[in-house]
Amino acid sequence: MENRASGARRWTFVVALIVGLGLAAAPVAFQMFTRAPKGGDMIDAFRPYMTNAKITRFQRDMRNIDAAMREARAQMLPALSDKAQLDRAAVDSQFASYAALDKQWKAINADMSDMLRTMHRDLGDFAAVDALPPFKLFPWFFVLPGLMVAGFAGWGLVRSRRRDAPAARSTRAPAVALIVLGLAIVAAPVMFQMFTRAPKGGHMINDFRPLMTTTKVQRIQGYFLVIGAGEGTIRNQMLPVLVKNGSTPAGLAAQLPALTRFSHDWPSTSNQMAPMIGAMSDNVDNYLAVDAMPPFPLFPWFFVVPGLLVAACGVIARRGSRAEPVQV
Amino acid sequence: MKIRTRRSQYAAVFAALALTLSLAACGSSSSKKSSSKTTTTAASKTDTATAGGKLVGLFKVTAGDCAGGAVTAGSYFRMVQSGGTVEAGPFISNADSTCGDKTYSALTPGTDGGLTTGKYQPQPDPPFDATKNGIADKIVQPVKFFAVGFAMSTNDKDPTSGTSVPTPTISADSSGKLTGDVRAASVAWNGQQFNQGAPKPDGSTPGGTKVLEGTYDAKTGAYKLQWTSQIVGGPFNGFTGVWHLEGTFQKS
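Quick caveat, the model's predicted, so the values are computed rather than measured.

## Here's the deal with unusual backbone geometry
All names here are of chain B.
Okay, step 1: In this chain, Gly89 is followed by Pro90 through a cis amide linkage whose omega measures 0°.
Okay, step 2: Along the chain, Pro90 falls in strand β3 (residues 89–91).
Okay, step 3: Here the residue pair Asp125 and Pro126 is connected by a cis peptide bond, since its omega of 5° sits within 30 degrees of zero.
Okay, step 4: Position of Pro126 among the secondary structure elements: in the loop between β5 (114–116) and β6 (143–145).
Okay, step 5: Unlike most non-glycine residues, Lys132 shows phi in positive territory, near 70°.

Here's what the structure looks like:
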């Protein structure tokens, strides 16, 4: 009877030891020590841009540019034709950067607007991920409890083999420790609101997948250059042609308000846009590292399942020690 | 015996509770996420250079002349698009360039008259005006690039990486061939910093980066030099700046 009870107790400690070591080793298996800090870097880099104010501002800028491009077609090109005898073919050959923007704008606007919509939709998800504990600490949330579980389990295992003292009493302490520790591990995701935040993180990671590729980032770099070159051509070359042919700057400002606003706002738009493209470009590798980690929605369960196992081992070991008659 | 067991139990429970509390403490989430970048290893500084073929002084910059479209004489800047080459381009078209060929941005001398070797020509603090134009103007005057001014400087700590870098050095051999190290060259544009040195601050020459080379006539002091520097990181990651300076050297 005594042998069976102490044997069962030993097994529970062995199971807890394996769970503890597994928990401690998980970050190494998932390369969390390198990947998680990259996730933190990415969150830091995107924080300035993942705000409602910033994204609605970009969306407004896109709408303004769209209005300017429509106005250019509807007002500026006819004016160039009337006043400077520049037909569409002449415009395309003399103002190649404008022609490139005009040709590509529809696609640029659609792609950029789609990206901004995605970012806007993910604001809540980003905030939830940002509210999680710092990414660089993630591996330690596995390692520390894992080692503690392994330590208590090892302690219980050693004690259960002692012959000089009643095994039941000597394993009670490690068993209770395992129960408390197991419950703490189960409680951790609840405390960190992981059950709500982690799936949001997973959703954001999925949404960002098409955006965070080298190809996509290079395409957006290209959009920036096309828009900037087009704006500069309108401001420095095309509008001066109209001035040279009788228009006044004040008259043009009144006649072409959307184009005037485009040129007025562009440096400021560029101030905002360039660093965001930089952040995207600099974080493609960081995104890939995060994307390579286990799916975010699973993270709470990486605590709950081992925690319950550890607590169950503790309970079984504790029961065994209570059931076993104490030898005097 | 019983007392010992109880103590052990209390100790174990205390340890488990301590872990729980420490996990909870780590969970106070939202604040503390500064993205401070660490500085990397400091390069050795070579502040003065007078011996041998080292040319220590001012490389006075002659303004770029692009009356014919492209810059045909004098100093200029061009930027090669990502994936392109210095020889074949494609080059970015800067609609704010004063040249007919918008892929050239002519450079004009700054308040110091040009590039100084053996000494830094640092950017001011802050390096930008309210609209994020770079305002350093010692080497060359800021140049409008996509509606925003870019400004060149040389700094003891590279503003992009935080790495300590030596002062620019340029040497001429007996045949007048120039070589040099301008890893301290940096450009401020649009609220961002771009290292535009060759080699890069860590001594590497990634992608289209090519160290300084050129010619020097010891009799007249006339020089022509060029280096290229690939941008690493940021909005123009993979793009390469081409720096072509011409003028006369004035020994300090």
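## Digging into the packing of aromatic side chains
All names here are of chain A.
Okay, step 1: Applying the stated rule across the entire model yields 37 aromatic pairs over all chains.
Okay, step 2: Centre to centre, the rings of Phe152 and Trp155 are 6.1 Å apart; their planes meet at 40°, and the pair counts as tilted. Highlighted residues: Phe152 and Trp155, both in helix α7 (residues 138–160), separated by three residues, approximately one helical turn.
Okay, step 3: A residue is classified by how much of its surface remains accessible, and Phe152, at 10% relative accessible area, is buried.
Okay, step 4: A ring pair is formed by Phe195 and Trp301, whose centres lie 5.3 Å apart and whose planes are at 80°; its orientation type is edge-to-face. Taken together, the positions of Phe195 in helix α9 (residues 194–208) and Trp301 in helix α14 (residues 299–323) put the pair 106 residues apart, joining distant regions of the chain.

## Brief notes about the pattern of salt bridges
Residues and elements named next belong to chain A.
Okay, step 1: Under the defined criterion, the tally for this structure stands at 16 salt bridges over all chains.
Okay, step 2: Of the charged contacts, one joins Arg117 and Asp114 as a salt bridge, the two residues approaching to 3.9 Å between their closest N and O atoms. Of this pair, Arg117 and Asp114 both sit in helix α5 (residues 96–121), three residues apart, which is roughly one turn of that helix.
Okay, step 3: With a relative accessible area of 47%, Arg117 lands in the partly exposed category.
Okay, step 4: Residue classification places Asp114 among the partly exposed positions, given a relative accessible area of 40%.
Okay, step 5: Residues participating in the shared-partner salt-bridge network are Arg73, Arg88, Asp92 and Asp102.

## Topic: the sheet that holds strand β10 (residues 185–189) of chain B
Okay, step 1: Spatially, four strands are ordered β6-β7-β10-β11 (chain B) in an open sheet, and the strand pairing comes out antiparallel. A single partner strand is all that each edge strand has here, and the edge strands are β6 and β11 (192–195) of chain B. Ignoring which end each strand starts from, the neighbouring axes of this sheet average 35° apart.
Okay, step 2: By the bridge criterion, five bridges tie strand β7 (residues 148–154) of chain B to β10 of chain B in an arrangement that is antiparallel. The partner of Thr154 of chain B across the bridge, within β10 of chain B, is Ala185 of chain B.
Okay, step 3: Strands in contact with helix α12 (residues 257–282) of chain A are β7, β10 and β11 of chain B; relative to β7 of chain B, the strand with the most contacts, it is inclined by about 55°.

## Some remarks on empty space enclosed by the protein
All names here are of chain B.
Okay, step 1: Summed over all chains, the structure comprises six cavities of 30 Å³ or more.
Okay, step 2: In this structure, the largest cavity occupies an estimated 90 Å³ of space.
Okay, step 3: Residue lining of the largest cavity: Phe77, Met79, Phe145, Phe150, Val187, Trp189, Phe194, Gln196, Ile231, Phe236 and Trp243, and that is the complete set.
Okay, step 4: Breaking the lining of the largest cavity down by element, the ones donating at least two residues are β2 (76–85) and β10.
Okay, step 5: For the lining of the largest cavity, the per-class residue count stands at ten nonpolar, one polar and no charged.

## As for the nonpolar core
Okay, step 1: One finds Met76 and Tyr98 of chain A together with Trp189, Trp227 and Phe236 of chain B to be the most contacted residues of the largest nonpolar core, which totals 133 residues.
Okay, step 2: Among the elements that line this core, the one with the most residues is helix α10 (residues 214–244) of chain A, at 13 residues.
Okay, step 3: When residues of this core are assigned to domains, at least three map to each of domain 1 (1–45 + 135–196 + 296–328) and domain 2 (51–121 + 213–282) of chain A.

## Here we look at α12 of chain A
For an α-helix the count is 3.6 residues per turn, leaving residues at separations of three or four pointing the same way.
Okay, step 1: The end-to-end C-alpha distance of α12 of chain A, which contains 26 residues, comes to 36 Å, matching closely the 38 Å that a straight helix rising 1.5 Å per residue would cover.
Okay, step 2: Maximum bend of α12 of chain A: about 45°, positioned at Trp266 of chain A, with proline Pro267 of chain A one to four residues after it.

## As for a nonpolar patch on the surface
All names here are of chain A.
Okay, step 1: A contiguous nonpolar surface patch, about 770 Å² in accessible area, is contributed by Trp11, Val15, Val190, Phe195, Leu298, Trp301, Val305 and Leu309.
Okay, step 2: Where the nonpolar patch is concerned, the elements lending two or more residues are α1 (2–29) and α14.
Okay, step 3: Taking the relative accessible area as the measure of exposure, Phe195 reaches 35% and is therefore partly exposed.

## Considering the environment of Val71 of chain B
All names here are of chain B.
Okay, step 1: Tracing the backbone shows Val71 in the loop between β1 (57–61) and β2.
Okay, step 2: Separated by 28 residues in the primary sequence, Val71 and Cys99 place their C-alpha atoms 7.3 Å from one another.
Okay, step 3: Beyond its immediate sequence surroundings of up to four residues, Val71 is in contact with Gly64, Asp65, Cys66, Tyr76, Cys99, Tyr104 and Ala106.

## Some remarks on the environment of Asn64 of chain A
Okay, step 1: Take Asn64 of chain A: it is sitting in helix α3 (residues 52–84).
Okay, step 2: What makes Asn64 of chain A buried here is its relative accessible area of 14%.

## Some details on the packing of α5 of chain A against α12 of chain A
Residue and element names in this part refer to chain A.
Okay, step 1: Running from N to C, α5 and α12 point in directions that differ by 55°, and their axes come no closer than 15 Å. The angle between α5 and α12 places the two elements in the oblique class. Handedness of the α5/α12 crossing: left-handed. Taking contact as the criterion, the partners of Leu101, Met112, Met115 and Met119 in α5 are, on α12, Phe262, Met273, Met276 and Met280.

## Some points on the state of the cysteines
Residues and elements named next belong to chain B.
Okay, step 1: The full count for this structure, using the stated rule, is one disulfide over all chains.
Okay, step 2: The side chain of Cys66 participates in a disulfide bridge whose partner is Cys99; the two sulfur atoms lie 2.2 Å from each other. Looking down the S-S bond of the Cys66 and Cys99 bridge, the torsion is -90°, so its handedness is left-handed. Taken together, the residues Cys66 in the loop between β1 and β2 and Cys99 in the loop between β3 and β4 (105–106) connect sequence positions 33 residues apart.
Okay, step 3: Note on Cys99: relative accessible area 1%, which makes it buried.

## Let's talk about the pairing of strand β9 (residues 177–181) of chain B
Residues and elements named next belong to chain B.
Okay, step 1: Note that strand β8 (residues 169–172) and β9 share four bridges and pair antiparallel. Bridge pairing in β9 places Ile170 opposite Gly180.
Okay, step 2: Across four bridges, β9 lies against strand β12 (residues 210–216) in antiparallel orientation. For Thr179, the partnering residue across the bridge sits in β12 and is Glu213.

Thresholds applied
- Residues numbered from 1 in each chain as written.
- Chains lettered and ligands numbered in written order.
- Predicted model: local features only at pLDDT ≥ 70, side-chain atom pairs only at ≥ 80, totals over all residues.
- Heavy atoms only, no water.
- Helix = DSSP H or I, 4+ residues; strand = E, 2+ residues; numbered from the N terminus.
- Phe/Tyr/Trp six-rings, centres within 6.5 Å; stacked < 30°, edge-to-face > 60°.
- Buried < 20%, exposed > 50% of the residue type's maximum accessible area, 1.4 Å probe, protein only.
- Salt bridge = Lys/Arg side-chain N within 4 Å of Asp/Glu carboxyl O.
- Pairing = 2+ DSSP bridges.
- Axes fitted to C-alpha atoms, helices over the stretch in contact; angles between N-to-C directions.
- Contact = heavy atoms within 4.5 Å.
- 1 Å grid on protein atoms, 1.4 Å probe; cavity = no way out; pocket = protein on both sides within 12 Å on 5 of 7 lines; lining within 4 Å.
- Points joined across faces, edges and corners; volume = space filled by probe spheres on them.
- Nonpolar A, V, L, I, M, F, W, Y, C, P; charged D, E, K, R; others polar.
- Core = buried A, V, L, I, M, F, W, Y, C linked by side-chain atoms within 4.5 Å.
- Domains from an automatic or database assignment.
- Expected span 1.5 Å × (residues − 1).
- Bend = angle between axes of the 7 residues up to and from the residue.
- Patch = residues over 30% accessible without salt bridge, like charges linked within 9 Å, V, L, I, M, F, W, Y side chains within 5 Å.
- Areas by Shrake-Rupley, 256 points an atom, 1.4 Å probe, with all protein chains shown as cover.
- Parallel < 35°, antiparallel > 145°, perpendicular 65-115°, else oblique.
- Left-handed = near helix turned anticlockwise from the far one by under 90°.
- Disulfide = S-S within 2.5 Å.

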